[in-house]
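# Overview (structure and organization)
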Amino acid sequence: MTANLVDAVFFWSVVGTTNFKVTYGRRPGSSYSKDFHQPRHDLARAIEKTLGVGYGGETPVEWRWPGGSDTRGLLKPASDFAQQGGRLNLRWETDHAPAPWRAIPNPTAATLETLQGTPDLTDETKANQQHAAIVASGERPWLVAVHLVGEGPVLHARLVLENPAPGRAFASWDNLPQPVRDEMQRTRDDQGGFYLFPEGELMSDKLVHRILAAFEDSPNVLLVGPPGTGKTVAMEKVSALYSGTPAPSVTFDPDLLHGAFGASETPPSSSRRLVSLLFHPSYSYEHFVMGLLPDIVDGQVAVKPHVGPLLELAQFAAHAPDNKALLVLDEFNRGNAAAIFGDTLGLLDQDKRDVAFVDTPYKHLTPMTALGGALGPTTTLPKDLRVLAAMNSADRSVAPLDAALRRRFSIIHVDPDVDVLRRHLKADFSGDLKVSDPATWTTPERVAAVAVRILESLNKRIEFVLGRDFLLGQSVFWHLDLTDVDCALTSLAAALDNRVLGTLALSFTDDDEGLAAVLNIDGAGAGKAAAKWATPPIELTRWPNRLRPARFQDFDGPILREALVSLLDPTLIAAHDTSEVASASDAPGEGTAVVTEGADKDEDAEA
C-alpha cells in the first residue's frame, strides 16, 4: 500500500499502570477490569472530530496493523458520559488489544509485538510485576494510533519506545514526526494526548469532507443554507487546500510496522490556482467571462477586451496535466448568476468538460492571452477546473436561482450544527444541570449548555413556522464571553438582542403570530418574559394585539433567567433530563457486541 497523508496521531504512555492494564486484557476478580481507553474532554473531542463522529455518537472502529485488523472495535459514550464531561470508550475486541500493543518474550523488528514480557499472565501480582519490569527498563513505551486523511473510523496501531534498549532502535520514537514527539513530552503518564496536523485540521471538518466527496461526482458544488452555518469557513478551508502554497505534509505507510512515517509536499504553487469572488447585482458576464472594459492605453482611456477569471482559470487548468484550479463564488444568488455565466453555462456539466465548446467572445480581435496562454477561437471548460459556490437560503431579496444553472451543481444543504457549537463553547451538560432550573447554571460552561438548548428550541419552532431555509446558524452564539457566569449571561442576552431577535424581526415582518410561536408565546394577552402582547389604544379596537419582543439586555438577575427559560422547548428539556437519568443508569452489559456480558461493570475502577 502506498503512503497516505496523516491528519491525526493519538497516543498513551505505558509507564502508568492504566494503559498497560487495558491493553493486557481482563483478569477476573482483579483490577484488570477493562480493555478499552476512556479518553476524556479534549482528547475525546479530537477523536470524535477526526473519525467523523458527532458529539456523544457511537460508531464501529476498525483497528489495523500490518497483516491484521480488528473490525470489532467501537467508539461509544461511557456510562458516565454526561457526569464526566463527555468521556468516551474507545474499544477493541475483548482480551485482544491491537497486536502491536501486546507483550512477547523476545520481540524483534519482525514481530508485531514490541513490548518485552510474558503475555497473558492470569495472576494479577505477576502481571503487575511484569509492568514494573517494563517501567524499570527505562524504555518508556507509548501506544500510538494513527488516522489517515479521508479514511473514516479506522485507526492504525503502533508502539514506539522513547528510550529503546540496545538493539531495539527499530522501535524508537525518533521515527515519529517531531511535532508529535513534542506533544508527547507535554503529556502526563496515562492521560493520553493527540496531535492534529495542519492539513488534518482542514480535512477533519465534516463539511469539507462532504465538499471533496461531491467533487468526485461533479466539478461544481453549491452550498445552500441559512446564514451563520459555516459555509464560508468551509470554503476557506477548501481554498487553503487549493492555495498552492507549498507546505510539508506527513505521510504514513500502513504496510510498515516501524519507520512508517514519511514526508511529502503539496504540489508546488505553479500547479495550483485559486480565485475567490463575491457575486453582486452589478457583476456581469463582461467581468466574469470576457468583455470590453475601460483601460489606460498610452496614458489615454480606451476600451479593451478583458479576460475574466473564468476563462483565465480554464486556460490555466487546461495548460498542463497537473494543473488544478478552484473558482470560489460566495453570495452566489446576490447577482444574476445565469446571466453572469452566459453561454459558458452549457460547459459546466461534467460530461461537457473538455468536450463541448462555445465561441470565444471577441475572437476576431487581436489574439488575447490568459494565465495558460493564448485564447483560441473557441472556449471549453476543463475537468480540473472546480467551481465551489455558496448562497444563503434565507435571502429573499433576490430572484430564485435559475433552474438550468441549479441542476448543473451538486447541492449540499448546510444546516446549523449544534455539535460544533457545543464543542466550541465547551458546553457542560454534566452533573446536576437542569437547563430549565437557573439554580444549576453554576459555571459559564453550563450557561453555554443553556445557549445550545435555546438555539435548538428556536430552530425546532422556526422549521415548522417558516421552514428549513430560515433556521438560525450556530454563529449567533459563537462569541459568548465565558469568563464567568455573569459574563456568559450578559453576552447571551446581547446575542439574543443583536443577532437572534434582529434576524427574526426581518424574517417575520408583519407576522406577529409566527414570531410569537417561535418565541414560545401563547395567544393570550399576558405573554411571557421573552415577549408580551400589547393591546391597541381604545380608538383602535378593531386592530389586533401586537407582539412586543423584550430587550434581554434590560433584564437583570432572575428576570433574565426567567426570560431565557421561556425560550426553551419543553421536549428538549425533558430529553436532557431523561438522558441524564439514562446515562447514570446504563446497563452493565451494554455494548456486548464488543465486550463480554457485564464487561462495563468495572469500567470506572481505574478512572
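Residues numbered from 1 in each chain as written. Predicted model: local features only at pLDDT ≥ 70, side-chain atom pairs only at ≥ 80, totals over all residues. Heavy atoms only, no water.

### Points about the overall build of the protein
In terms of regular secondary structure, the protein is built from 17 helices and 25 strands. Taken over 607 residues, the protein has a buried fraction of 51%. Long-range pairs, those at least 24 residues apart, make up 67% of the contacts in the protein between residues at least 6 apart in sequence. Within the structure as shown, the protein displays about 26600 Å² of accessible surface, and the carbon and sulfur contribution to it stands at 53%. (Helix = DSSP H or I, 4+ residues; strand = E, 2+ residues; numbered from the N terminus. Buried < 20%, exposed > 50% of the residue type's maximum accessible area, 1.4 Å probe, protein only. Contact = heavy atoms within 4.5 Å. Areas by Shrake-Rupley, 256 points an atom, 1.4 Å probe, with all protein chains shown as cover.)

### Section: the nonpolar core
In globular proteins that are soluble, nonpolar side chains generally tend to be buried together. Core analysis: the largest hydrophobic core is formed by 51 residues, its most contacted members being I454, F477, L519 and F552. Looking at this core, the elements that each hand over two or more residues are α12 (418–425), α13 (444–465), α14 (485–507), α15 (512–518), β24 (531–534) and α16 (558–566). Of all hydrophobic cores here, the second largest spans 40 residues; its members include A8, A44, Y55 and L159. (Core = buried A, V, L, I, M, F, W, Y, C linked by side-chain atoms within 4.5 Å.)

### Details of the packing of α13 against α14
Running from amino to carboxyl end, α13 crosses α14 at an angle of 20°, the nearest separation of the two axes being 9 Å. Judged by the angle between their axes, α13 and α14 are roughly parallel. Viewed along their axes, α13 and α14 form a crossing whose handedness is right-handed. From α13, P444, V447, A451, I454, L458 and I462 reach across to α14, where they touch V485, A488, L489, L492, L496, V500 and L504. Of the residues in the contact of α13 with α14, the class split is 13 nonpolar, no polar and no charged. (Axes fitted to C-alpha atoms, helices over the stretch in contact; angles between N-to-C directions. Parallel < 35°, antiparallel > 145°, perpendicular 65-115°, else oblique. Left-handed = near helix turned anticlockwise from the far one by under 90°. Nonpolar A, V, L, I, M, F, W, Y, C, P; charged D, E, K, R; others polar.)

### Some words on the sheet that holds strand β11 (residues 220–225)
With parallel pairing, five strands are arranged side by side in an open sheet as β14-β17-β22-β11-β23. Lying at the two open borders of the sheet, with one neighbouring strand each, are β14 (272–278) and β23 (410–413). The average undirected angle you get between the axes of adjacent strands in this sheet is 15°. In the sheet, β14 pairs with strand β17 (residues 324–330) via seven bridges, with the strands oriented parallel. Within β17, the residue paired with V275 across the bridge is L327. Running over the sheet, helix α7 (residues 231–242) touches β11, β14, β17 and β22 (385–392) and is turned about 160° from β17. Most of the contacts of helix α9 (residues 309–319) go to β17, to which it runs at about 160°, and overall it touches β14, β17 and β22. (Pairing = 2+ DSSP bridges.)

### As for the side chain of R158
With respect to the element layout, R158 can be found in strand β9 (residues 154–161). It is D253 that comes nearest to the buried, bridge-free R158 among opposite-charge side chains, at 6.9 Å. Separated by 2.9 Å, the side chain of R158 and the backbone oxygen of L256 make a polar contact. Within the structure, the side chain of R158 is placed 3.3 Å from the backbone oxygen of L257, a separation counted as a polar contact. (Lys, Arg positive; Asp, Glu negative; His and termini not counted. Salt bridge = Lys/Arg side-chain N within 4 Å of Asp/Glu carboxyl O. Polar contact = N/O pair within 3.5 Å; in protein donor to acceptor, adjacent residues only side chain to side chain.)

### Some details on the environment of W441
Mapping W441 onto the fold places it in the loop between α12 and α13. When the C-alpha atoms of W441 and R561 are compared, they prove to be 9.6 Å apart, with 120 residues separating the residues in sequence. The contacts of W441, once residues within four sequence positions are left out, are L433, K434, V435, R446, V447, V450, V485, L489, R561, L564 and V565.

### Focus on the environment of G16
The topology assignment puts G16 in the loop between β1 (4–13) and α1 (17–24). Along the chain, G16 and V135 lie 119 residues apart, while their C-alpha atoms are 8.4 Å from each other.

### Considering α7
Compared with the 16 Å implied by 1.5 Å per residue over 12 residues, the 17 Å span of α7 between its first and last C-alpha is a close match. Residues K231, A234, M235, V238, S239, L241 and Y242 constitute the buried set of α7. The arc enclosing the buried residues of α7, seen along the axis, measures out at 150°, which places them on a common side. (Expected span 1.5 Å × (residues − 1). Arc of directions from axis to C-beta.)

### Brief notes about the packing of α12 against α13
Taken N-terminus to C-terminus, the directions of α12 and α13 make an angle of 165°; their axes are 10 Å apart at the nearest point. Considering their axes alone, α12 and α13 lie roughly antiparallel with respect to each other. Taken as a pair, α12 and α13 cross one another with a handedness that is right-handed. Together, V418, L421, R422 and L425 of α12 and E445, A448, V452, L455 and E456 of α13 make up the contact between the two elements.

### Side note on the pattern of salt bridges
Tallying each qualifying case throughout the model produces 19 salt bridges. Close ionic contact of R168 with E139 constitutes a salt bridge, the shortest N to O distance being 2.7 Å. Of this pair, R168 sits in the loop between β9 and α4 (178–185) while E139 sits in the loop between α3 (124–136) and β8 (141–148), and the two are 29 residues apart along the sequence. For the pair shown, R168 and E139 are each scored as buried. For the salt bridge of R422 with D419, the shortest nitrogen-to-oxygen distance reads 3.7 Å. One end of the pair is R422 and the other is D419, both in helix α12 and three residues apart, which spans about a single turn. Classification of R422 as buried rests on a relative accessible area of 11%. Taking relative accessible area as the criterion, D419 reaches 17% and is therefore assigned buried. Taken together, the shared-partner salt bridges in this structure form one network comprising E62, R64 and E151.

### Side note on the confidence of the model for the protein
Confidence in the prediction for the protein averages 84 pLDDT; 87% of positions are at 70 or higher. Confidence scores differ between elements of the protein, with helix α17 (residues 570–584) showing the lowest mean pLDDT of 52 and β9 the highest of 96. Counting contacts from residues 578–607, a segment whose pLDDT is below 50, to residues more than four positions away or on other chains yields 65 contacts. (pLDDT = per-residue confidence, 0-100.)

### Comments concerning the packing of aromatic side chains
One pass over the full model with this rule turns up 18 aromatic pairs. Relative to F341, the ring of F288 has its centre 4.9 Å away and its plane inclined at 70°; by these criteria the two rings are edge-to-face. Of this pair, F288 sits in helix α8 (residues 285–288) while F341 sits in helix α10 (residues 337–341), and the two are 53 residues apart along the sequence. Accessibility expressed as a relative area gives 0% for F288, which makes it buried. (Phe/Tyr/Trp six-rings, centres within 6.5 Å; stacked < 30°, edge-to-face > 60°.)

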